[in-house]
Amino acid sequence: MKGIIFDIKHFAVHDGPGIRTTVFLKGCPLNCWWCHNPESQQLDPQVYQQTRKLDGLDFSETKTLGYTIDSTELMPKIIGDKVFHDESSGGVTFSGGEPLLQFSFLNELLVKSKNEGIHTAVDTTGYASPKIFQQVAQNADLFLFDLKLLDSNVHKKYTGVPSEPIIKNLMWLDKNNINTNIRFPVIPDITNTKENISQMLVFLESLQNINRIDILPFHNISNAKYERFKIENKMKNVAAFEESEMYTIKEEFEKIGFIVSIGG
Ligand code: SF4
């Protein structure tokens, strides 16, 4: 089966345990204000202009982001890293975009990876129908689950979609004791408000089987991508966090019994 990806990162160390091969599937149903991979949101490959400076002159070239690939072509690129996965208790992570958007392709890759004895992780927004989500869960060893905002109206304002389906899928993972790490993007004045953090603390404390949170501080290193792909950048002038500012939030989650890391 064919799918559309936009990158493969070998030797990734922030996308799950150990050394991982991260495959980035294109397309996302969300439109987060702070998206660090805005080029991943559109499902189809995108043509763009890349300009480089050489001896004071600008050279522009036309490039395409994203390409169609068959799982039979992709699998050898994952299997080729298996020695590193095995040495480090790593594996493959399917990220995006939102990998569940290409659900059949994702499922095939998960099954093939598992058949090769490769640990599988899915980095997801959790925004998918329960039926699709639960099917994928049968073949994933770990979910890296983005939880951004609990209030549905606020979630919709900043991401374009409501939070209910996400919360429902997360509660299902918890109820079924499926290995899940929460990823909490800390975005100035959006997700790190007093209100959202207290709602998160109450909600997360009510979960029984999820015990790890990765706090992901906002950074603005993606500004150039917004310009390159001509996407409106609503966070253009927002300053990045210093890592030290994350310690207060870290402590709050630790107080309710979570293992917390900053940066994934
Ligand atoms: S869910 Fe992730 S990839 Fe999708 S728009 Fe939000 S930040 Fe970007």
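See above for the structure.
Bear in mind that the values here come from a model prediction, so they are computed numbers and not experimental data.

## Overview of the overall build of the protein
Working step 1: Secondary structure summary: the protein contains 9 helices and 11 strands in total.
Working step 2: Expected size for 264 residues packed as a compact globule is a radius of gyration near 18 Å; at 19 Å, the protein falls within 12% of this value.
Working step 3: For the protein, the C-alpha atoms occupy an extent of roughly 55 × 45 × 35 Å along the three principal directions.
Working step 4: Residue burial in the protein is summarised as follows: out of 264 residues, 49% are buried.
Working step 5: Restricting the contact set of the protein to residue pairs at least 6 apart, pairs at least 24 apart contribute 67%.
Working step 6: In the structure as shown, the protein presents an accessible area of about 12800 Å², 50% of it carried by carbon and sulfur atoms.
Working step 7: In the protein, 27 positive and 33 negative side-chain charges are present, and the distance between their average locations comes to 4 Å.

## Some details on the layout of surface pockets
Working step 1: Here the largest pocket is characterised by a volume of approximately 1000 Å³.
Working step 2: As for the largest pocket, its lining consists of 38 residues, of which H36, N37, D123, R183 and L216 are closest to the centre.
Working step 3: At the level of elements, β1 (2-12), β7 (119-124), β9 (180-186) and β10 (212-217) are the ones that each hand at least two residues to the lining of the largest pocket.
Working step 4: Looking at the lining of the largest pocket element by element, the count peaks at 4 residues for β1.
Working step 5: Among the residues forming the lining of the largest pocket, the class breakdown is 15 nonpolar, 13 polar and 10 charged.

## Some points on the nonpolar core
Working step 1: W34, L74, F94, F143, L147, L204 and F253 are the most contacted members of the largest nonpolar core, which totals 62 residues.
Working step 2: For L204, the residues in contact, after removing those within four places along its chain, are L147, I182, I213, F253 and F258.

Analysis parameters
- Residues numbered from 1 in each chain as written.
- Predicted model: local features only at pLDDT ≥ 70, side-chain atom pairs only at ≥ 80, totals over all residues.
- Heavy atoms only, no water.
- Helix = DSSP H or I, 4+ residues; strand = E, 2+ residues; numbered from the N terminus.
- Rg over C-alpha atoms; globule rule 2.2 N^0.38 Å.
- Buried < 20%, exposed > 50% of the residue type's maximum accessible area, 1.4 Å probe, protein only.
- Contact = heavy atoms within 4.5 Å.
- Areas by Shrake-Rupley, 256 points an atom, 1.4 Å probe, with all protein chains shown as cover.
- Lys, Arg positive; Asp, Glu negative; His and termini not counted.
- Charge placed at Lys NZ, Arg CZ, Asp CG, Glu CD.
- 1 Å grid on protein atoms, 1.4 Å probe; cavity = no way out; pocket = protein on both sides within 12 Å on 5 of 7 lines; lining within 4 Å.
- Points joined across faces, edges and corners; volume = space filled by probe spheres on them.
- Nonpolar A, V, L, I, M, F, W, Y, C, P; charged D, E, K, R; others polar.
- Core = buried A, V, L, I, M, F, W, Y, C linked by side-chain atoms within 4.5 Å.

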